[in-house]
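Next come the chains, spelled out residue by residue.
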Amino acid sequence: MTPSLDTLRRQAKALRRAFVAGDPAAAARVRAVLPEVLELAHTGALLVVAREAGFKSWPKLKFAHEIASLDRNARAEKLKNALFLGQTWMVDALLQADPELGSANFGLEVALYRLGGVAARLARDPAAATRLVGVRSPMLHLAFSRYHRAAPELSDAALGIAELLVRHGADVNDSYPSEPGSAHRLSALYGALGHAGNLRLAAWLLERGADPNDDESLYHSTELGHTDGLKLLLAHGARPEGTNALPRAMDFDDVAAVRLLLEAGADPNEGVADHPSGQPNIVIPGLHQAARRRCSAEIAELLIAHGADGTAVHKGHTAYALARIHGNRAIADVLKRHGQATKLDPLEAALAACAEGHVPFGRPLSGLDPNSEDARTLTRVILWEDRLDHAKALVAAGIDPNVTEEMGLPPLHIAGWAGLKMQTAWLLGLDPDLTHVNGYGGDVLSTIIHGSENRLDNAERDHVGCARLALEAGAPIRQSDLDGAMDEEMSAFLLDWVDANPRSLEANGA
């Protein structure tokens, strides 16, 4: 009989005690896995036990035990989610535990690119090509699968499945609600391009009539780290108007994407209150976005060359004022050079002083509406690694350090999610509410854990350091945090923390 997780945890603790006591047998077991270790942490002992059980890590052993306790329907649901999220090691673990699980339903066969199985199923049951499996059709299971990253050799099989599905009545423009009951829908094209980054399948869909103007794909094509998807969509008639693709490209200071969108007709003045687009405050004007996202002077020059007006007012500020408020001297200088500098009002002058590291006299920012963009300047600034002095000046001038952005994320959650240790340490020193739950349902620790798994640049950040600071400050930790942590370094740290601080683990939230 396979030992339970509790038994294995006890074995790890016993191994650690024996190792510390100098037991030769324990030392030999540890050295076989960790030859250089001098002091054995709890996570090290767990790793030894996991390796002895045939697993690469404790989280992988823990996951294997978890799936062993599930029925087949629950395992199939986990496999579906792992394919959707691109969690390759979970896919491998589930299929290793149950090699036939990929045939549990037609959606899984499609998402795993099993061309032979799909062809056989459709030969028996042609209507399966359009029948929902859960909330998504087979075409959507194919489009939203990220399995191509793990199995690029199956790319031809994926396209073969797409051909079969269409031949049996599937629609290349199929979509499903983004949330239950929502009128907003996510298309197969968005799934392939924006969600999964499967450009070959996206090209196939476009060549067969997929609509590039689906309210999602163009926007998300700017997030891929390259312009191939953006070029593909524009070549098939994607229109930038009303998509926010231009501002989104500026989130990444992506000069090439900005140039492509402007040349395709993106309007850099869209979003100005009196603009003929009729969409005030839905789309932020180009120069305002460049100013607040600290874009380069090159982007500002591009925008102005395409007719951008930096003197227009958006949410109370001109682009020049916004550049000064966010400490973007590069954009401010371009605007001044082009005659688009504007006089700062007293509030703008106070915010600009903070951006320059000076605290204006008399706490002039203390009376701001917490829901205003000006009060939320702190939630924008805190993400920039080099703007900690700016953030400190804003608080000294009166901005509430617990102010939240639109989704209820206070600066502490934002800094923790981004893995910014210095910012996190400073904010923890301002007596924040450690139990605050943001609009995504996370508290400070679970938000940091989520960031460790989802930040694209997390190798350059210190999420474990942020988690340690939060726990040392008294942030609650729950069993659900331990069970849900999928980043192995984070999981190891949390296990060590609870081992050293067993009373810190709250009983609820499991």
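One structure accompanies this document, and this report is about it. (Residues numbered from 1 in each chain as written. Predicted model: local features only at pLDDT ≥ 70, side-chain atom pairs only at ≥ 80, totals over all residues. Heavy atoms only, no water.)

**Topic: the pattern of salt bridges**
The full count for this structure, using the stated rule, is 25 salt bridges. When the shortest N-O distance is used, the salt bridge between Arg337 and Glu301 registers 2.8 Å. Of this pair, Arg337 sits in helix α20 (residues 329-337) while Glu301 sits in helix α18 (residues 297-305), and the two are 36 residues apart along the sequence. According to the relative accessible area criterion, Arg337 is exposed, its value standing at 57%. The shortest N-O distance in the salt bridge between Glu356 and Arg324 comes to 3.2 Å. Here Glu356 is found in the loop between α21 (346-355) and α22 (377-381), whereas its partner Arg324 is found in helix α19 (residues 319-325), with 32 residues between them in sequence. Judged by relative accessible area, which is 38%, Glu356 ranks as partly exposed. (Salt bridge = Lys/Arg side-chain N within 4 Å of Asp/Glu carboxyl O. Helix = DSSP H or I, 4+ residues; strand = E, 2+ residues; numbered from the N terminus. Buried < 20%, exposed > 50% of the residue type's maximum accessible area, 1.4 Å probe, protein only.)

**Brief notes about the nonpolar core**
If you look at the biggest cluster of nonpolar residues, it comprises 90 residues, and the most contacted ones within it are Leu79, Leu142, Leu165, Leu201, Leu205 and Leu303. Among the elements that take part in this core, helix α10 (residues 155-167) stands out by supplying 7 residues, more than any other. With residues near it in sequence (within four places) discarded, Leu79 still touches Val91, Leu94, Leu95, Leu101, Gly102, Leu108 and Leu112. (Core = buried A, V, L, I, M, F, W, Y, C linked by side-chain atoms within 4.5 Å. Contact = heavy atoms within 4.5 Å.)

**Observations regarding helix α23 (residues 388-396)**
All of the buried residues in α23 are Leu388, His390, Ala391, Ala393, Leu394 and Val395. Those residues of α23 hidden inside the fold are in contact with α19, α21, α22 and α25 (421-428). Once α23 finishes, Gly398 follows within two positions and takes phi at roughly 120°, a positive value.

**Considerations on unusual backbone geometry**
Positioned with a positive phi, Tyr113 is a non-glycine residue whose angle comes to about 60°. Classification of Tyr113 as buried rests on a relative accessible area of 3%. Residues other than glycine seldom take positive phi values, yet Arg294 does so here, at roughly 55°. Tracing the chain through its elements places Arg294 in the loop between α17 (286-292) and α18. A relative accessible area of 23% means that Arg294 is categorised as partly exposed.

**Description of the side chain of Thr447**
In this fold, Thr447 is placed in helix α26 (residues 444-454). Once you skip the residues sitting within four places of it in the chain, Thr447 turns out to touch Leu409, His413, Trp417, Asn438 and Gly442.

**Structural notes on the packing of aromatic side chains**
The description of two aromatic rings rests on the distance between their centres and on the angle between their planes. Within the structure shown, the criterion is met by 6 aromatic pairs. Ring plane angle 70° and centroid distance 5.3 Å describe the contact between Phe63 and Trp89, whose orientation is recorded as edge-to-face. On the criterion of sequence distance, the pair formed by Phe63 in helix α4 (residues 58-68) and Trp89 in helix α6 (residues 88-97) is long-range, its members being 26 residues apart. For the ring pair Phe84 and Phe144, a centre distance of 5.8 Å and an interplane angle of 10° mean the geometry is stacked. With Phe84 in helix α5 (residues 72-85) and Phe144 in helix α9 (residues 138-144), this pair connects stretches of sequence that are 60 residues apart. (Phe/Tyr/Trp six-rings, centres within 6.5 Å; stacked < 30°, edge-to-face > 60°.)

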